[in-house]
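The primary structure of each chain is shown beneath.
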Amino acid sequence: AQTVTQSQPEMSVQEAETVTLSCTYDTSESDYYLFWYKQPPSRQMILVIRQEAYKQQNATENRFSVNFQKAAKSFSLKISDSQLGDAAMYFCAYRFLSSGSARQLTFGSGTQLTVLP
Amino acid sequence: ETGVTQTPRHLVMGMTNKKSLKCEQHLGHNAMYWYKQSAKKPLELMFVYNFKEQTENNSVPSRFSPECPNSSHLFLHLHTLQPEDSALYLCASSQADRQNSPLHFGNGTRLTVT
């Protein structure tokens, strides 16, 4: 079974600084997707960034980037130039490419990020 | 407009009540999901509907009963719940036949069972 581990329940960062959130996963699959979702106080889960396992290049979305280490099964999220609006719970998620047409996500337990002014 | 709308936003019910959670998606997706989010635990997948057919039931107790009348609507019928069922219930949708389609979530229903 696939598992996703986020070892940092809470993190804090000073506004305008950089922070890295850790995520590791366990799988025997070779093809899969990895995601970072953000859940602000509004409770809606918002997709931040995604990475296809077959791509060696790390995904980047504006101030958000990942460090994907497939051999180490590590998928960390780096937030540059942190803003107050980045404060939220961040979830790492894994999805394998099943033969079924609806694909499930396995989530980590989340990291609560606080941005200090 | 989030694309996925859940009602009610908050619900308090007694253990003998019957209530329903509603989810509607306006994204043209063909797969819908119910997740349970409890404090300090990973999101737990409860049910998956793919083209209106239930394809996944992750050992969810029968006091939770899903219904998917069409690809845009998803319900979760609740009856004789327990206090430990108190949680945030999240609905999501995706385009099932696109491999890289992410899940789009609603704002959830905060359920409290007294």
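For clarity, every value in this text was computed on a predicted model and none was experimentally measured. (Residues numbered from 1 in each chain as written. Chains lettered and ligands numbered in written order. Predicted model: local features only at pLDDT ≥ 70, side-chain atom pairs only at ≥ 80, totals over all residues. Heavy atoms only, no water.)

## As for the interface of chain A and chain B
The parts lose accessible area when they come together, and the size of an interface is often stated as this lost area.
Next, step 1: At the junction of the two partners, chain A supplies 22 residues and chain B supplies 33 residues.
Next, step 2: For the pair chain A and chain B, the summed buried area comes to about 2200 Å², and 48% of that belongs to carbon and sulfur atoms.
Next, step 3: Across the contact surface, chain A and chain B share zero salt bridges.
Next, step 4: At the junction of chain A with chain B, the criterion picks out eight residue pairs in polar contact (both at pLDDT 80 or more).
Next, step 5: Mapped onto the side of chain A that touches chain B, the elements with two or more residues apiece are β5 (32–39), β6 (46–52) and β10 (88–96) of chain A.
Next, step 6: Counting residues per element, the side of chain A that touches chain B draws most heavily on β5(A), which supplies four residues.
Next, step 7: When grouped by side-chain class, the residues that make up the side of chain A that touches chain B number 10 nonpolar, seven polar and five charged. (Contact = heavy atoms within 4.5 Å. Buried area = accessible area lost by both parts, 1.4 Å probe. Salt bridge = Lys/Arg side-chain N within 4 Å of Asp/Glu carboxyl O. Polar contact = N/O pair within 3.5 Å; in protein donor to acceptor, adjacent residues only side chain to side chain. Helix = DSSP H or I, 4+ residues; strand = E, 2+ residues; numbered from the N terminus. Nonpolar A, V, L, I, M, F, W, Y, C, P; charged D, E, K, R; others polar.)

## Thoughts on the nonpolar core
Residue and element names in this part refer to chain A.
Next, step 1: Y25, W36, F75, L77 and Y90 are the most contacted members of the largest nonpolar core, which totals 25 residues.
Next, step 2: Going through the elements one at a time, β3 (19–21), β5, β6, β8 (64–69), β9 (74–79), β10 and β12 (111–116) are the ones with two or more residues in this core.
Next, step 3: With four residues, β10 is the largest single contributor of residues to this core.
Next, step 4: Excluding residues within four positions of it along the chain, Y25 makes contact with T3, V4, Y32, L34, F68, Q69, K70, K73, S74, F75 and Y94. (Core = buried A, V, L, I, M, F, W, Y, C linked by side-chain atoms within 4.5 Å. Buried < 20%, exposed > 50% of the residue type's maximum accessible area, 1.4 Å probe, protein only.)

## A short note on the pattern of salt bridges
Next, step 1: Taken as a whole and judged by the stated rule, the model has five salt bridges over all chains.
Next, step 2: The shortest N-O distance in the salt bridge between E52(A) and K55(A) comes to 3.9 Å.
Next, step 3: You can call E52(A) buried: its relative accessible area is 10%.
Next, step 4: Across the salt bridge formed by E44(B) and K41(B), the nearest N and O atoms sit 3.4 Å from each other.
Next, step 5: A residue is classified by how much of its surface remains accessible, and E44(B), at 30% relative accessible area, is partly exposed.
Next, step 6: When its relative accessible area of 41% is taken as the criterion, K41(B) is described as partly exposed.

## Section: the packing of aromatic side chains
Next, step 1: Here the structure, examined in full by the defined rule, presents 15 aromatic pairs over all chains.
Next, step 2: With centroids separated by 6.3 Å and ring planes inclined at 20°, the aromatic side chains of W36(A) and F75(A) adopt a geometry described as stacked. Of the two residues, W36(A) sits in strand β5 while F75(A) sits in strand β9, which places them 39 residues apart along the sequence.
Next, step 3: W36(A) sits in the buried class, given a relative accessible area of 0%.
Next, step 4: Judged by relative accessible area, F75(A) falls into the buried class, the value being 0%.
Next, step 5: These aromatic residues form a ring-pair network of at least three members: Y33(A), F35(A), Y37(A), F91(A), F107(A), Y33(B), Y35(B) and F105(B). (Phe/Tyr/Trp six-rings, centres within 6.5 Å; stacked < 30°, edge-to-face > 60°.)

## Overview of the sheet that holds strand β7 (residues 64–70) of chain B
Backbone hydrogen bonds are what pair the strands of a sheet, in a parallel or an antiparallel way.
Residues and elements named next belong to chain B.
Next, step 1: Within the open sheet, the four strands sit side by side as β1-β3-β8-β7. Their pairing is antiparallel. For this open sheet the edge positions go to β1 (4–7) and β7, each flanked by a neighbour on one side alone. Between one strand axis and the next, the sheet turns through 15° on average, direction left out of account.
Next, step 2: In this sheet, strand β8 (residues 73–79) lies alongside strand β3 (residues 18–25) in antiparallel orientation, the contact comprising seven bridges. Looking across to β8, one finds that L21 is bridged to L76. (Pairing = 2+ DSSP bridges. Axes fitted to C-alpha atoms, helices over the stretch in contact; angles between N-to-C directions.)

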